[in-house]
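Reading the structure
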Amino acid sequence: MSTFFSMDGTFRTTPRPGNVLDIRASQVLHITAEYHGKIVVLFSVIMTSRKIGLYRKVFKFLKKEVPNFKPPMMMADYEKAMRNAYKSVFSSTRLLGCR
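A brief report on the enclosed structure follows. (Residues numbered from 1 in each chain as written. Predicted model: local features only at pLDDT ≥ 70, side-chain atom pairs only at ≥ 80, totals over all residues. Heavy atoms only, no water.)

1. Some points on the overall build of the protein
To be explicit about the condition: Helix and strand assignments follow DSSP, with helices taken as H or I runs no shorter than four residues and strands as E runs no shorter than two, numbered in order from the N terminus. Exposed residues in this analysis have more than 50% of their type's maximum accessible area, buried residues have under 20%, and partly exposed residues fall in between, with area computed by a 1.4 Å probe over protein chains only. Contacts were defined at the residue level, with two residues in contact if any of their heavy atoms lie within 4.5 Å.
Scanning the protein from N- to C-terminus turns up 2 helices and 5 strands. Expressed as a percentage of its 99 residues, the buried residues of the protein come to 34%. Within the protein, counting contacts between residues at least 6 apart in sequence, those at least 24 apart form 43% of the total.

2. With respect to helix H2 (residues 80-89)
All of the buried residues along H2 are Ala 81, Met 82, Arg 83, Ala 85, Tyr 86 and Val 89. Considering only its buried residues, H2 is in contact with strand E1 (5-10), strand E2 (27-35), helix H1 (52-65), strand E4 (73-76) and strand E5 (94-97).

3. A word on the packing of H1 against H2
Here is the rule we go by: Only the stretch in contact is used when fitting a helix axis, every axis being a line fitted to C-alpha atoms; angles between N-to-C directions are given from 0 to 180 degrees. Note: crossing handedness is left-handed where the near helix turns anticlockwise from the far helix by less than a right angle, and right-handed where it turns clockwise. Residues were grouped as follows: Ala, Val, Leu, Ile, Met, Phe, Trp, Tyr, Cys and Pro as nonpolar; Asp, Glu, Lys and Arg as charged; and all remaining residues, including Gly, as polar.
Look at H1 against H2: their axes get within 8 Å of each other, and the N-to-C directions meet at 35 degrees. At the point where H1 passes H2, the crossing takes the right-handed sense. Contacts between H1 and H2 involve Ile 52, Tyr 55, Arg 56, Phe 59, Lys 60 and Lys 63 on the former and, on the latter, Ala 81, Met 82, Asn 84, Ala 85, Tyr 86, Ser 88 and Val 89. Classifying every residue of the contact of H1 with H2 by side-chain character gives 8 nonpolar, 2 polar and 3 charged.

4. Section: a nonpolar patch on the surface
Put simply, the rule reads: What goes into a patch is any residue over 30% in relative accessible area without a salt bridge, connected to like charges within 9 Å or, for nonpolar side chains (Val, Leu, Ile, Met, Phe, Trp, Tyr), within 5 Å. Exposure was quantified through the Shrake-Rupley algorithm and a 1.4 Å probe, taking into account, for residues, occlusion by the shown protein chains and nothing else. Each salt bridge in this description consists of a side-chain nitrogen of Lys or Arg and a carboxyl oxygen of Asp or Glu lying within 4 Å of one another.
A contiguous nonpolar surface patch, about 270 Å² in accessible area, is contributed by Tyr 35, Val 40 and Leu 42. Mapping Leu 42 onto the fold places it in strand E3 (residues 38-47).

5. So, the environment of Met 82
In this fold, Met 82 is placed in helix H2. Assessed through its relative accessible area of 0%, Met 82 is described here as buried. In sequence terms Met 82 and Tyr 55 are 27 residues apart; their C-alpha atoms lie 5.9 Å from each other.

6. A look at the packing of aromatic side chains
Rules: Each pair of aromatic rings taken from Phe, Tyr and Trp, with Trp reduced to its six-membered ring, is defined by centres within 6.5 Å and is described as stacked if the planes are under 30 degrees apart, edge-to-face if over 60, and tilted in the remaining cases.
Taken as a whole and assessed by the stated rule, the structure comprises 6 aromatic pairs. On the numbers, 5.2 Å between centres and 85 degrees between planes, the contact of Phe 59 with Tyr 86 is edge-to-face. Here Phe 59, found in helix H1, pairs with Tyr 86, found in helix H2; they are 27 residues apart in sequence, far enough to count as distant. The residues Phe 59 and Tyr 86 share a single accessibility class, namely buried. Measuring from centroid to centroid gives 4.8 Å for Tyr 86 and Phe 90, while their planes differ by 25 degrees, and the two rings are stacked. Across the pair, Phe 90 and Tyr 86 agree in class, each one buried. An aromatic cluster is present here, built from Phe 5, Phe 43, Tyr 55, Phe 59, Phe 69, Tyr 86 and Phe 90 joined pairwise through their rings.

This is the structure we're talking about:
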């Protein structure tokens, strides 16, 4: 199991309305891990907002559907809603900051 996990939202790769998905995406949230010396994407979620409630729904879904996902540490930037939602769902994970 990996000991290095990170999460971040990307804005440039979000689907645009009228393309494949007919939604207005705010960002794509990626959760990654180190695996055999390489960083791999574990989960990608198309987000329609960057509000704490939506982040919390995503993290609760992840916790329910992937019960073995229990990272000891998670690195994330300082986006307040994402960090607060993550800590409310995965309270035992040590959350590290990065820029």
